[in-house]
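Report on the structure
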Amino acid sequence: MKFFIDTANLAQIKEAHELGVLDGVTTNPSLMAKEGISGVENQHKHYVEICNLVQGDVSAEVIATDYEGMIREGKELVALHPNIVVKVPCIADGIRAIKYFSSNGIRTNCTLVFSTGQALLAAKAGATYVSPFVGRLDDVSENGVALVGEIVEMYRYYDYPTQVLAASIRHTRHIIQCVEVGADVATCPLSAIKGLLKHPLTDSGLAQFLADYKKVNG
């Protein structure tokens with residue numbers, strides 16, 4: 001499974017990259033705002049900075065909600081860097097835009113997916129990635145991981161090439177659950193990725209090794 005980091009913070013992206021396991025980055029307007037990045041020109045510059053830090057795909061989201069606006073913004077985004085993937089909301093005009101982009105060799109990430117039906121339409125339109133939101137479904141007492149599994153099963157059954165990118169990952173357990181249901185990608189906060197390293201037996205075992213070494217070697 002690929003690991004993407006879900007942030008616009010350059011320091012976190014760099015740390016994840018230096019860990020040696022980062023495959024890409026996802027961003028959205030909320031994450032940009034969190035970093036205090038406003039204005040189209042500044043946001044475009046920031047996307048380029050992100051692309052220069054990583055080797056993999058970088059999802060950059062359109063702000064427009066109409067077909068013409070999405071096409072215009074998407075073209076501007078992909079012109080910034082070869083690693084850019086245009087992130088498009090799962091609405092009617094978004095599906096139309098994904099069909100246009102896929103027909104013209106532009107990769108897309110269909111975001112804000114909350115049902116199998118939405119994922120089906122995105123795949124038929126040719127989306128490169130589809131992003132079911134695990135945490136947000138859990139927030140309303142639905143099973144986000146189960147949806148990821150349903151989409152994975154559907155894509156495999158019908159042989160759709162669209163990759164399932166589990167989004168809105170809240171914690172390390174979500175990552176493991178998405179592995180278990182076969183997600184192609186998980187986009188996570190840095191804390192969730194680093195959480196995979198943690199286990200009390202690792203800590204106690206290392207402490208014992210060091211103590212034993214000190215006994216022998218002083």
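Located above this text is the structure these notes cover.
Conventions and cut-offs
Residues numbered from 1 in each chain as written. Predicted model: local features only at pLDDT ≥ 70, side-chain atom pairs only at ≥ 80, totals over all residues. Heavy atoms only, no water. Phe/Tyr/Trp six-rings, centres within 6.5 Å; stacked < 30°, edge-to-face > 60°. Buried < 20%, exposed > 50% of the residue type's maximum accessible area, 1.4 Å probe, protein only. Helix = DSSP H or I, 4+ residues; strand = E, 2+ residues; numbered from the N terminus. Contact = heavy atoms within 4.5 Å. Axes fitted to C-alpha atoms, helices over the stretch in contact; angles between N-to-C directions. Parallel < 35°, antiparallel > 145°, perpendicular 65-115°, else oblique. Left-handed = near helix turned anticlockwise from the far one by under 90°. Nonpolar A, V, L, I, M, F, W, Y, C, P; charged D, E, K, R; others polar. Polar contact = N/O pair within 3.5 Å; in protein donor to acceptor, adjacent residues only side chain to side chain. Pairing = 2+ DSSP bridges. Patch = residues over 30% accessible without salt bridge, like charges linked within 9 Å, V, L, I, M, F, W, Y side chains within 5 Å. Areas by Shrake-Rupley, 256 points an atom, 1.4 Å probe, with all protein chains shown as cover. Salt bridge = Lys/Arg side-chain N within 4 Å of Asp/Glu carboxyl O. Core = buried A, V, L, I, M, F, W, Y, C linked by side-chain atoms within 4.5 Å.

**As for the packing of aromatic side chains**
- Applying the stated rule across the entire model yields 6 aromatic pairs.
- Ring geometry for Tyr155 against Tyr160: centres 5.8 Å apart, planes inclined by 75°, an arrangement best described as edge-to-face.
- Overall, the relative accessible area of 4% leaves Tyr155 in the buried class.
- Residue classification places Tyr160 among the partly exposed residues on the basis of a relative accessible area of 21%.
- Relative to Tyr160, the ring of Tyr158 has its centre 6.2 Å away and its plane inclined at 45°; by these criteria the two rings are tilted.

**Digging into the environment of Thr108**
- Along the chain, Thr108 turns up in strand β5 (residues 108–113).
- Thr108 sits in the buried class, given a relative accessible area of 0%.
- When the C-alpha positions of Thr108 and Cys178 are compared, they lie 21 Å apart, and in sequence the two are 70 residues distant.
- Not counting the four nearest positions on each side in its chain, Thr108 is found in contact with Val85, Val86, Ile98, Phe101, Gly126, Ala127, Thr128 and Tyr129.

**A closer look at the packing of helix α1 (residues 10–19) against helix α3 (residues 40–53)**
- Two elements in contact, α1 and α3, have axes separated by 10 Å at closest approach and are oriented at 15°. When the axes of α1 and α3 are compared, the pair comes out roughly parallel. Crossing of α1 over α3 shows right-handed handedness. Of the residues in α3, those in contact with Leu10, Ile13, Lys14 and His17 of α1 are His46, Glu49, Ile50 and Leu53.
- Residue composition of the contact of α1 with α3, by class: 4 nonpolar, 2 polar and 2 charged.

**Considerations on the side chain of His81**
- Mapped onto the elements of the fold, His81 is located in the loop between α4 (67–78) and β4 (84–89).
- Given a relative accessible area of 17%, His81 falls into the buried group.
- Within the local environment of His81, its side chain forms a polar contact with the backbone nitrogen of Asn83, the two atoms lying 3.1 Å apart.
- When neighbours within four sequence positions are excluded, His81 is seen to be in contact with Cys51 and Asn52.

**What about the sheet that holds strand β6 (residues 129–132)?**
- Spatial ordering of the closed barrel is given by β1-β2-β3-β4-β5-β6-β7-β8, a layout of 8 strands whose pairing is parallel. On average, each strand axis in the sheet is inclined to that of its neighbour by 30°, with strand direction left out of account.
- Note: strand β3 (residues 57–61) against β4, 4 bridges, orientation parallel. Counterpart to Ser59 in the pairing with β4 is Val85.

**As for a nonpolar patch on the surface**
- A cluster of nonpolar side chains, contributed by Leu19, Val21 and Leu197, occupies part of the molecular surface with about 270 Å² of accessible area.
- Its place among the elements puts Leu19 in helix α1.
- Leu19 gets classed as partly exposed once you look at its relative accessible area, which sits at 43%.

**So, the packing of helix α5 (residues 92–103) against helix α6 (residues 116–125)**
- As a packed pair, α5 and α6 sit with axes 8 Å apart at the nearest point and diverge in direction by 30°. Classified by the angle their axes make, α5 and α6 are roughly parallel. Seen from α5, the contacting residues are Ile95, Ile98, Lys99 and Ser102; seen from α6, they are Leu121, Ala122, Lys124 and Ala125.
- Here the contact of α5 with α6 is built from residues that sort into 5 nonpolar, 1 polar and 2 charged.

**Some details on the nonpolar core**
- Counting 59 residues, the largest nonpolar core has Cys110, Val130, Ile151, Tyr155 and Cys188 as its most contacted members.
- Considering each element in turn, this core owes the most residues, 7 residues, to helix α8 (residues 144–158).
- When neighbours within four sequence positions are excluded, Cys188 is seen to be in contact with Phe3, Phe4, Ile5, Asp6, Ile169, Ile175 and Ile193.
- Of all hydrophobic cores here, the second largest spans 7 residues; its members include Phe4, Val85, Tyr129 and Phe133.

**Some thoughts on the pattern of salt bridges**
- Within the structure shown, the criterion is met by 6 salt bridges.
- Residue Asp93 pairs with Arg96 through a salt bridge whose shortest N-O separation is 3.6 Å. Placement of the pair is Asp93 and Arg96 together in helix α5, with a separation of 3 residues, close to one helical turn.
- What makes Arg96 partly exposed here is its relative accessible area of 45%.
- The closest approach of N and O atoms between Asp139 and Arg170, which form a salt bridge, is 2.8 Å.

Any functional reading would require information beyond the geometric quantities listed.
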